[in-house]
Amino acid sequence: MNKKTFPTTPLGRIKLFFTFFDSRWEDLTKENWLTIVYRDFSAGLIVAMTAIPMAMGFAMAMGMRPEHGIVAGALACTIGRTFGGSKYQVYGPTAAFIPVIASLMTKYGPSNGGVFETAHGFLILVSIIAGIILIIMGIFGFGRFAKLVPNSIIVGFTVGIALVIALTNLEDILGIESFSDLLGGQEESLSGGFIHNISTAFNNLHLINGWSILLGVMTFALTKILLRISIFIPGPVIAMSSATVLSATVLQDKNIILVKDLYGSIPNNFFKFTMPILPALNSSVIIDIVYYVAAIVFVSGVESILCSSMADKLANNDRTPFNPDKEFFGQGLVQIITPLLQGFPCTGALARTATSIKAGAQTPLAGYFKAILKLSMAYYLAKYLELIPMACIGGILVWVSTNMIKPSEIKEIKHLGKFEFSMMIYTAVMVPVTDFLTGVLSALIIYFIVKKAFKRRIQAQS
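The model shown is predicted, which means the values in this text are computed figures rather than measured ones.

Undergrad: Whenever I open this one, the state of the cysteines confuses me. Can you help?
TA: One way to say it: the disulfide is the covalent bond shared by the sulfur atoms of two cysteines. This structure, assessed with the given rule, holds 0 disulfides. In this structure C346 is not part of a disulfide, and its nearest cysteine sulfur, from C77, lies 9.6 Å away. The buried category is assigned to C346, whose relative accessible area is 0%.

Undergrad: Which parts of the structure should I look at to understand the packing of aromatic side chains?
TA: Two numbers describe a pair of aromatic rings. These are the distance of the centres and the angle of the planes. If you walk through the whole model with that rule in mind, you get 14 aromatic pairs. Each ring, one from F20 and one from F21, has its centre 4.7 Å from the other, and the planes form 85°; the classification is edge-to-face. For F21, a relative accessible area of 63% gives the class exposed. Ring plane angle 85° and centroid distance 5.0 Å describe the contact between Y379 and Y380, whose orientation is recorded as edge-to-face.

Undergrad: How do you make sense of the side chain of E420 when you look at a structure like this?
TA: As for its position among the elements, E420 is in helix α20 (residues 418-433). Polar contacts involving the side chain of E420 include one to the side chain of S152, which spans 2.8 Å. Once residues lying within four places of it in the same chain are set aside, the contact partners of E420 are S152, I413, Y447 and K451.

Undergrad: Looking at this structure, how should I read the environment of L28?
TA: Following the sequence through the fold, L28 ends up in the loop between α1 (10-17) and α2 (33-61). Given the relative accessible area of 27%, L28 is considered partly exposed. In sequence terms L28 and T363 are 335 residues apart; their C-alpha atoms lie 7.2 Å from each other. With near-sequence residues (within four places) excluded, L28 lies in contact with W33, I36 and T363.

Undergrad: For this particular structure, what's the right way to read the packing of helix α14 (residues 283-314) against helix α15 (residues 324-340)?
TA: Two quantities define a packed helix pair, namely the angle between the helix axes and the distance between the axes. Where α14 meets α15, the closest approach of the two axes is 10 Å, and the angle between their N-to-C directions is 130°. By the angle class used here, α14 and α15 are oblique. Classified by chirality, the crossing of α15 by α14 is right-handed. Across the interface between the two elements, I296, S300, G301, S304, I305 and S308 of α14 pack against P324, E327, F328, Q331 and Q335 of α15. Counted by class, the contact of α14 with α15 contains 4 nonpolar, 6 polar and 1 charged residues.

Undergrad: How should I be thinking about the side chain of T347 in this particular structure?
TA: Along the chain, the position of T347 falls in strand β2 (residues 347-348). A distance of 3.5 Å separates a polar side-chain atom of T347 from the backbone oxygen of S300. Separated by 3.2 Å, the side chains of T347 and Q331 make a polar contact. Apart from the residues lying within four places of it in its own chain, the contact partners of T347 are V90, Y91, G92, T94, F97, V299, S300, E303, S304 and Q331.

Undergrad: When you look at α15 in this model, what are you seeing that I'm missing?
TA: In an α-helix, one full turn covers 3.6 residues, which means residues spaced three or four apart are oriented alike. Over its 17 residues, α15 extends 25 Å from the first C-alpha to the last, a length consistent with the 24 Å expected when each residue adds 1.5 Å. Within α15, 16 of the 17 residues are buried, which leaves the element mostly enclosed by the surrounding structure. Structurally, the start of α15 carries an N-cap: the backbone nitrogen of D325 is 3.0 Å from a side-chain oxygen of N323. Note on α15: the residue one or two positions beyond its end, Q342, has a positive phi of about 75°.

Undergrad: Looking at this structure, how should I read the environment of V302?
TA: Looking at the element boundaries, V302 is found in helix α14. Spatially, the C-alpha atoms of V302 and G348 are 9.6 Å apart, while their sequence positions differ by 46 residues. V302 has contacts with V149 and I154, leaving out every residue within four places of it along the chain.

About the criteria used
Residue numbering note: each chain is counted from 1, following its sequence as written. Only residues with pLDDT of 70 or above have their local features reported here, since the model is predicted, and side-chain atom pairs are shown and tallied only from 80 upward, although totals for entire chains, interfaces and linings are computed over all residues. The side-chain figures draw on all heavy atoms in the structure; neither hydrogens nor water molecules are used. When two cysteine sulfur atoms are found within 2.5 Å, that pair is recorded as a disulfide. Each residue is placed in one exposure class: buried if its accessible area under a 1.4 Å probe, protein chains only, is under 20% of its type's maximum, exposed if it is over 50%, and partly exposed if it falls in between. Stacked, tilted and edge-to-face are the three classes applied to pairs of Phe, Tyr and Trp rings, where Trp contributes its six-membered ring and a pair requires centres within 6.5 Å; stacked means planes under 30 degrees apart, edge-to-face means over 60, and tilted covers the rest. A helix here means a DSSP run of H or I that spans at least four residues, while a strand means a run of E at least two residues long, and both kinds are numbered starting from the N terminus. In protein, a polar contact requires one atom able to donate a hydrogen and another able to accept it; more generally it is a pair of N or O atoms within 3.5 Å, and residues adjacent in sequence count only if both atoms are side-chain atoms. In what follows, residue pairs with any heavy atoms lying within 4.5 Å of each other are defined as contacts. What counts as an axis is a line fitted to C-alpha atoms, over the stretch in contact for a helix, and the angles between N-to-C directions run from 0 to 180 degrees. Under this scheme an angle from 65 to 115 degrees is roughly perpendicular, one under 35 degrees roughly parallel, and one over 145 degrees roughly antiparallel; angles in between are oblique. Here a crossing is taken to be left-handed if its near helix is turned anticlockwise relative to the far helix by less than a right angle, and right-handed if that turn runs clockwise. Put simply, Ala, Val, Leu, Ile, Met, Phe, Trp, Tyr, Cys and Pro go in the nonpolar bin, Asp, Glu, Lys and Arg in the charged bin, and everything else, Gly too, in the polar bin. The span one expects for a helix is its residue count, reduced by one, times 1.5 Å.

In structure tokens, the structure reads:
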């Protein structure tokens, strides 16, 4: 089966979507199955160890609890590997969803006078609607349209999200429990006011915990150094374990804020069915439903297609490429099922997918192994995970943000011309200054209007 033989009708696509043993398994044969299973298992183990601290960090940055990230990563990977369109893609919490989910949880949660359960229920509702839209888009062949998003805007969007993550994790690294309040709250940190925030921070320097900064910097540096030495070294786990041991021994009297200080104990009964909640309807809620549904659909569609395409290139896949329509269908099921079982919206994870491929993954088995191993380790380590210093979580997220900015991609955009480069800069600035969807959509509108006008000008001259 090759790209030309993918179904072109809705009924044909539906049949393929529910075919488990499709082209994604073509590299697994009777002759090599033992080698493939071993390689997929080792890749799943490496990714699972890396994914636990990252999933916890993403969840907390979104305003969720640590265990929600563990659940979301394992469940999304299982569903995505079963129904998605890529051989290699690893699914889970991603940085691109942080500003989207964080703003919803802030607006409808305790930070704005609401309750966590209502905010989470509303998140589930908009995620289910987004999932249904993604499924419909997959059935009717909309997957190809995700490829039309210009690379300059994708890179700018990634840089913008990286800046948001770095700027909104100062609280954890600096060791100030109420640092978000000192900086004007998360809403402001996601929508501008940086000069005011910086001046306020300097006025409260006496509240900063130097030992927390040390642990945050140590986590960041150790993770970066170990992963640079070898992809097979679980850098985040070693870095966070070292910092946790230090905070529990020689630094135990230094007032370092731990995960349990903010979130209490981490339960190991991970899966819990949670119903969607619709707040009292008014114009503001309706606008929010449209906004968050559109944001989830956009992030899911673009990032999953981008990740799948990257995975085929990285793995030198010279056989059947990923199916964008089936990927949309799988993403839809991820957004429907994962939040209902105490998770939140997830998509293809670029860094974890790359790690999985470099570690030897060849079939969807690697994703199943990752999910099982991640849940197993988290189950037995739950009582220790709550002892992790929040500074370590901040260090991990800053490491993630630095990895998102790739100089080679920026140089590639620069070589495309001044217009492409300016669109990248515009998107990178607008995402943190306004909000995620406003920044990206305005960039897309400007891009295609200018391109269309430029095309007409060339046609008129010729």
